[in-house]
Amino acid sequence: MFRNAFESRVVILTPTGRDAHLLGQALSSLDVRTAAATNLPVTLSLLAEGGGAALIADEALTPSALVMLRHWLSEQPPWSDLPFIILTGAGRATLQSGQRAQELLELGNFSLIERPMRLETIHSAVRSALRARLRQYEVRDRQEALQRANADLEQFANSASHDLREPLRNIAIYSDLLALEHSAGLDPQGREFLESIRSSATRMNALLTDLLSYAHASSISESDVPPIPAAKALGTALGNLDFAISEACAAVTVGDMPIVRMHESHLAQLLQNLIGNALKYRSDQRVVQIIVKAIAAGDQWLFTVEDNGIGIPEAYRETIFGIFKRLHTTGRYAGTGMGLAICQRIVERYHGRIWVEPRTTYGSRFCFTVPR
Ligand code: ADP
C-alpha cells in the first residue's frame, strides 16, 4: 500500500508553469495529490520522496535531461518501475519522430498522450498509472516482509543453536568423562546406554550446525556479488572431501569451470554437499565414479554432479530437497537431511533452480543453475 501521501502523488514536470496549472486542475477532480516542477532535477528530488506517477511535457526531456533520467532510473530498486506519462506536443517535431518515442518507451514504463489532451484520457492514464504503482509498492512491502522474516529466522536459528549448544556441550563432556572414568563400573547395558547418549549428542550437534547453515543461506543477498572462478570453490569442496574421496577410492572427474557471480563459500558449500552425497550414497557393487561439469545454458550456468551410486526412486526426487527429509536410517547412512535443503536455499537465493534426474545407467545426476 501507499505508505504516505508522497507515494500516491503525481509529479508534474512542465517547463512552463501554465501546463502544470491546467493539469493540476484536471487532476483535482480525480482527487489526486500533485506536485509541480519546471525542471528535471526538481522533479527527481520530488520523486525521491516517493511518487505515484510522473506527468512530463516532452519538451522538458532534452538530451541532457534524458541522460539524467536514465541514470536516475538505473538507480531505482528492482521492484520499482515508476509510470511516466509523457505529454507529446501535436505539431512539435520531437516526439513525433518514431525514433524518439521508441527511445522513451525503451527507457521504462512510459506511455504517451498527445496534446491537446482530453480530460478522460488524462484521467484514465493517471488512474491506471497509480494502480500499477500501488502494485509495485505492494511488491516492495512483501519483499521487505520476507527480508524481515529471513532476518528473524536467522536470528532465531543463531540464538537457538547458541543456547542449545551450551547444554549439549555439557552432555557431551560429562558422557565422555563418564565413559573415561566410570565405564568399568557400568555393566554392558549401561555402557550401551552411555554410547547412545554420546552419539545422540554428536548428532544433535550436527543438526544444529546444519540448521544454522540453512538459516544463513536464507539471508544471502545476491546483489553486488563479484565474479569468482568456480574452479576455486570446487577446489575447496574437493579439499574438504579429501579423506572421504580416498576412503571411497572414488574417481572424481572435473570439467572446465566457468566464472560465476556467487560468493565462493556458497558455491563451495553447494558442490561439497552434492559431491559429499555422491560419495556417501555410493554402491558397493561398483568403482565410485563422480563427474562434475558446468556448461552454458542460455543466460545461466548449468552445473551437474553425476554419480554411479544407489540412485533415487522417482517418487522421492522432489521431497529429498525438504528440510530433514531422508530416505535412509542414520544407522545405514549418517546425515541430518539438511544438505539438499541448504543447496536449494542457496541456489534459490541466486534465482537458480536445483533438481535431480536419473542417469541412463546407475546413479543420479544433480543439476543446478546459477546466472551467468
Ligand atoms: P543427508 O545426506 O544428510 O541425509 P541430504 O539433504 O543431503 O541429507 O539428502 C537427502 C536424502 O536424499 C538423503 O538422505 C538420501 O536419501 C538422498 N540422496 C541425496 N543425495 C543422493 C545421491 N547422490 N544418491 C542417492 N541418494 C541421495
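Just above, that's the structure.
All residue numbers refer to positions counted from 1 along the written sequence of the respective chain. With pLDDT at 70 or above as the cut-off, local features in this predicted model cover only qualifying residues; side-chain atom pairs require 80 or more to be listed or tallied, and sums for whole chains, interfaces and linings still use all residues. To get the side-chain values, all heavy atoms of the structure are used, and hydrogens and water are removed first.

K.L.:
Outline a nonpolar patch on the surface, supporting the account with residue identities and numerical values.
P.N.:
In this scheme, patches are assembled from residues that exceed 30% relative accessible area and form no salt bridge. Like charges are connected within 9 Å, while nonpolar side chains (Val, Leu, Ile, Met, Phe, Trp, Tyr) are connected within 5 Å. Where accessible areas are quoted, they stem from the Shrake-Rupley method and a 1.4 Å probe; at the residue level, only the protein chains shown are allowed to cover. Salt bridges are identified by distance alone: a Lys or Arg side-chain nitrogen within 4 Å of an Asp or Glu carboxyl oxygen. Together, Ile173, Tyr174 and Leu177 make up an exposed nonpolar region whose accessible area comes to about 290 Å². For Leu177, the position within the fold is in helix H6 (residues 119-182). For every residue, the accessible area (1.4 Å probe, protein chains only) is compared with the maximum for its type, and the residue is labelled buried under 20%, exposed over 50%, or partly exposed between those bounds. Overall, Leu177 belongs to the partly exposed group, its relative accessible area being 33%. Helix numbers and strand numbers start at the N terminus; a helix is a DSSP run of H or I with at least 4 residues, a strand a run of E with at least 2.

K.L.:
Describe in detail the pattern of salt bridges, supporting the description with residues and values.
P.N.:
Scanning the entire structure with this criterion turns up 13 salt bridges. Note that Arg365 and Glu306 form a salt bridge whose closest N and O atoms lie 3.4 Å from each other. In this pair, Arg365 sits in strand E12 (residues 364-371) while Glu306 sits in strand E10 (residues 300-307), placing the two residues 59 residues apart along the sequence. The class of Glu306 is buried, set by a relative accessible area of 7%. Connected via shared salt-bridge partners are Glu306, Glu357, Arg359 and Arg365.

K.L.:
An account of the site of the ligand is needed here, citing residue identities and associated values.
P.N.:
Taken together, 21 residues sit near the ligand, with Asn277, Tyr281, Asp307, Arg326 and Leu340 positioned nearest. Throughout this description, a polar contact denotes any pair of N or O atoms lying within 3.5 Å of each other; where both atoms belong to protein, one of them has to be capable of donating a hydrogen while the other can accept it, and for residues adjacent in sequence the pair is counted only when both atoms sit in side chains. A distance of 2.5 Å is found between an oxygen atom of the ligand and a side-chain nitrogen or oxygen belonging to Arg326. In isolation the ligand has 530 Å² of accessible area, and contact with the protein removes 98% of it. Of all the secondary-structure elements, those providing two or more residues to the shell around the ligand are helix H10 (264-280), helix H11 (339-349) and E12. Ranked by the residues each element gives to the shell around the ligand, the list is headed by H10, at three residues. Gly counts as polar in this scheme, as do all residues outside two lists: the nonpolar Ala, Val, Leu, Ile, Met, Phe, Trp, Tyr, Cys and Pro, and the charged Asp, Glu, Lys and Arg. When the residues that make up the shell around the ligand are grouped by side-chain class, the tally is nine nonpolar, eight polar and four charged. A molecule or strand has a residue near it when one of that residue's heavy atoms lies within 4 Å.

K.L.:
I'd like to hear about the sheet that holds strand E5 (residues 110-114), residue by residue, with values.
P.N.:
For two strands to be treated as a pair, DSSP must find at least two bridges joining them. Taken in spatial order, the five strands of this open sheet run E2-E1-E3-E4-E5, and their pairing is parallel. Of all strands in the sheet, those with a lone pairing partner are strand E2 (34-37) and E5, marking the two edges. Averaged over all adjacent pairs, the angle separating strand axes in this sheet is 20°, with direction ignored. When strand E1 (residues 10-13) meets strand E3 (residues 53-57), the two strands line up parallel, connected through four bridges. Across the sheet, Ile12 pairs through a bridge with Leu55, a residue of E3. Note on method: axes are straight lines fitted to C-alpha atoms, helices fitted across the in-contact stretch only, with angles between N-to-C directions ranging 0 to 180 degrees.

K.L.:
How would you sum up the packing of H10 against H11? Please name residues and give values.
P.N.:
To characterise two packed helices, one gives the angle between the axes of the helices and the distance between these axes. The interhelical angle for the contact between H10 and H11, taken along N-to-C directions, is 145°, at an axis separation of 10 Å. Two packed elements cross with a definite hand, and for H10 against H11 that hand is left-handed. Contact with H10, carried on its side by His266, Gln269, Leu270, Asn273, Leu274 and Asn277, involves Gly339, Leu340, Ile342, Cys343, Ile346 and Val347 of H11 and no other residues of that element. Tallied by class, residues from the contact of H10 with H11 come to seven nonpolar, five polar and no charged. Crossings are assigned a handedness: left-handed for a near helix turned anticlockwise from the far helix by less than a right angle, right-handed for a clockwise turn. Contacts: residue pairs with any heavy atoms within 4.5 Å of one another.

K.L.:
Tell me about H11, residues and numbers included.
P.N.:
Within H11, burial applies to Leu340, Ala341, Ile342, Cys343, Ile346 and Val347. Buried residues belonging to H11 abut helix H7 (188-218), H10, strand E11 (354-358) and E12. Where H11 terminates, the next one or two residues include His351, which has phi positive at roughly 60°.

K.L.:
Outline the side chain of Gln300, listing residues and values.
P.N.:
Residue placement: Gln300 occurs in strand E10. Of note is the side chain of Gln300, whose polar atom sits 3.0 Å from the side chain of Thr369. With residues up to four places along the chain from it excluded, the contact list for Gln300 reads Ile295, Gly352, Thr369, Val370, Pro371 and Arg372.

K.L.:
Run through the packing of aromatic side chains, naming residues and quoting values.
P.N.:
To pair, rings of Phe, Tyr and Trp, with the six-membered ring standing in for Trp, must have centres within 6.5 Å; the planes then decide the type, stacked if under 30 degrees apart, edge-to-face if over 60, and tilted in the middle. Scanning all chains against the criterion turns up six aromatic pairs. Each ring, one from Phe2 and one from Tyr137, has its centre 5.6 Å from the other, and the planes form 75°; the classification is edge-to-face. Taken together, the residues span a long stretch of sequence, with Phe2 in the segment before E1 and Tyr137 in helix H6 at a distance of 135 residues. Relative accessible area serves as the criterion here: at 25%, Phe2 is assigned to the partly exposed category. The exposure class of Tyr137 is buried, given its relative accessible area of 2%. Measuring from centroid to centroid gives 6.2 Å for Phe321 and Phe366, while their planes differ by 70°, and the two rings are edge-to-face. In this pair, Phe321 sits in the loop between E10 and H11 while Phe366 sits in strand E12, placing the two residues 45 residues apart along the sequence. Across this residue pair, the class does not change: Phe321 and Phe366 are buried. Following the ring pairs from residue to residue traces out a cluster consisting of Phe2, Trp79 and Tyr137. Its end group placed over the ring of Trp301, Arg372 keeps NZ or CZ at 4.7 Å from the ring centre. Geometrically, a charge over a ring is one whose NZ (Lys) or CZ (Arg) sits within 6 Å of the ring centre while staying within 35 degrees of the ring normal.

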